[in-house]
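Given next are the chains, with one letter for each unit.
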Amino acid sequence: MPHVSVTIAGRQYRMACDEGQEDHLIRLAHDIDGRISQLRTAFGEIGDQRLVVMTAITIADELAEARRRIAALESDIESQRDARASAIARIEASEEEVARTIDQVAERIEQLVAQLAPKERGSVGMG
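An account of the accompanying structure is given in this report.

Cut-off values and rules
- Residues numbered from 1 in each chain as written.
- Predicted model: local features only at pLDDT ≥ 70, side-chain atom pairs only at ≥ 80, totals over all residues.
- Heavy atoms only, no water.
- Helix = DSSP H or I, 4+ residues; strand = E, 2+ residues; numbered from the N terminus.
- Rg over C-alpha atoms; globule rule 2.2 N^0.38 Å.
- Buried < 20%, exposed > 50% of the residue type's maximum accessible area, 1.4 Å probe, protein only.
- Contact = heavy atoms within 4.5 Å.
- Areas by Shrake-Rupley, 256 points an atom, 1.4 Å probe, with all protein chains shown as cover.
- Salt bridge = Lys/Arg side-chain N within 4 Å of Asp/Glu carboxyl O.
- Pairing = 2+ DSSP bridges.
- Core = buried A, V, L, I, M, F, W, Y, C linked by side-chain atoms within 4.5 Å.

Here we look at the overall build of the protein
- Broken down by element type, the protein carries 2 helices and 2 strands.
- Written out in order from the N terminus, the α and β elements of the protein read β-β-α-α.
- For the protein, the C-alpha radius of gyration of 37 Å lies well beyond 14 Å, the compact-globule estimate for 127 residues.
- Structurally, the protein occupies a C-alpha span of about 115 × 35 × 20 Å along its principal axes.
- For the protein, the proportion of its 127 residues judged to be buried stands at 10%.
- A sequence separation of at least 24 residues applies to 18% of the contacts in the protein between residues at least 6 apart.
- Surface accessibility of the protein: about 10300 Å² in total, with carbon and sulfur atoms responsible for 56%.

Some points on the environment of Arg35
- Residue placement: Arg35 occurs in helix H1 (residues 22-43).
- As a C-alpha pair, Arg35 and Arg81 span 46 residues in sequence and 39 Å in three-dimensional space.

A short note on the side chain of Arg35
- Under the relative-accessibility criterion, Arg35 is labelled buried at 18%.
- Setting aside residues up to four positions removed in sequence, Arg35 forms contacts with Thr55, Thr58, Ile59 and Glu62.

A word on the pattern of salt bridges
- For the structure shown, the criterion picks out 9 salt bridges.
- Between Asp48 and Arg11 there is a salt bridge, and its shortest N-O distance comes to 3.6 Å. You can see Asp48 sitting in helix H2 (residues 48-126) and its partner Arg11 sitting in strand S2 (residues 11-16), a full 37 residues away along the chain.
- Residue classification places Arg11 among the partly exposed positions, given a relative accessible area of 46%.
- Where Glu97 meets Arg100, a salt bridge forms, and the shortest distance between an N and an O atom there is 2.6 Å. Here Glu97 and its partner Arg100 are both found in helix H2, 3 residues apart, which amounts to about one turn of the helix.
- By relative accessible area, which is 41% here, Glu97 ends up partly exposed.

Concerning the side chain of Thr55
- With respect to the helices and strands, the residue Thr55 is situated in helix H2.
- Setting aside its immediate chain neighbours within four residues, Thr55 contacts Ile32, Arg35, Ile36 and Leu39.

Regarding the pairing of S2
- As defined by bridge partners, strand S1 (residues 3-8) adjoins S2 across 6 bridges and the pair is classed as antiparallel. Across the sheet, residue His3 finds its bridge partner in S2, namely Ala16.
- Counting the residues in the hairpin turn of S1 and S2 gives 2 residues, including Ala9, whose phi is positive at 55 degrees.

Here we look at the nonpolar core
- Listed in full, the 10 residues of the largest apolar core are Val4, Val6, Ile8, Ala9, Cys17, Leu25, Ala29, Ile36, Leu39 and Leu51.
- Of all elements in the fold, only S1 and H1 reach the threshold of two or more residues within this core.
- If you tally residues by element for this core, the top one is H1, at 4 residues.
- If near-sequence neighbours (up to four positions away) are discounted, Leu51 is found in contact with Ile36, Leu39, Arg40 and Ile46.

Below, the structure written as structure tokens:
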């Protein structure tokens with residue numbers, strides 16, 4: 001298991017990670033260190049532990065907001081899937097109705113042709 005050294009709030013930490021995750025872990029540590037630096041700039045020297053806790057709460061808040069947004073997007077996607085399925089069902093029903101109407105019209109035309117055909121033959125012979 002690989003190990004990387006990261007610096008957070010001026011302290012170095014040696015951390016283990018999965019193979020291939022070294023750069024990712026370094027980026028995460030860099031992000032946390034940057035957030036602590038931002039809070040230190042905003043609030044001054046209020047103690048490393050408080051800065052770390054405030055950073056953790058800030059990240060937890062962002063994570064909660066991201067989860068809320070994901071849930072809302074998943075709900076929207078599900079609603080759109082339902083609406084799409086409903087629209088497809090309506091289209092299919094309309095297509096079936098159009099096909100039935102065309103069949104009925106074709107049958108009626110065939111009936112009319114059958115009715116007219118003997119009359120036309122008879123009128124041709126009389127002339």
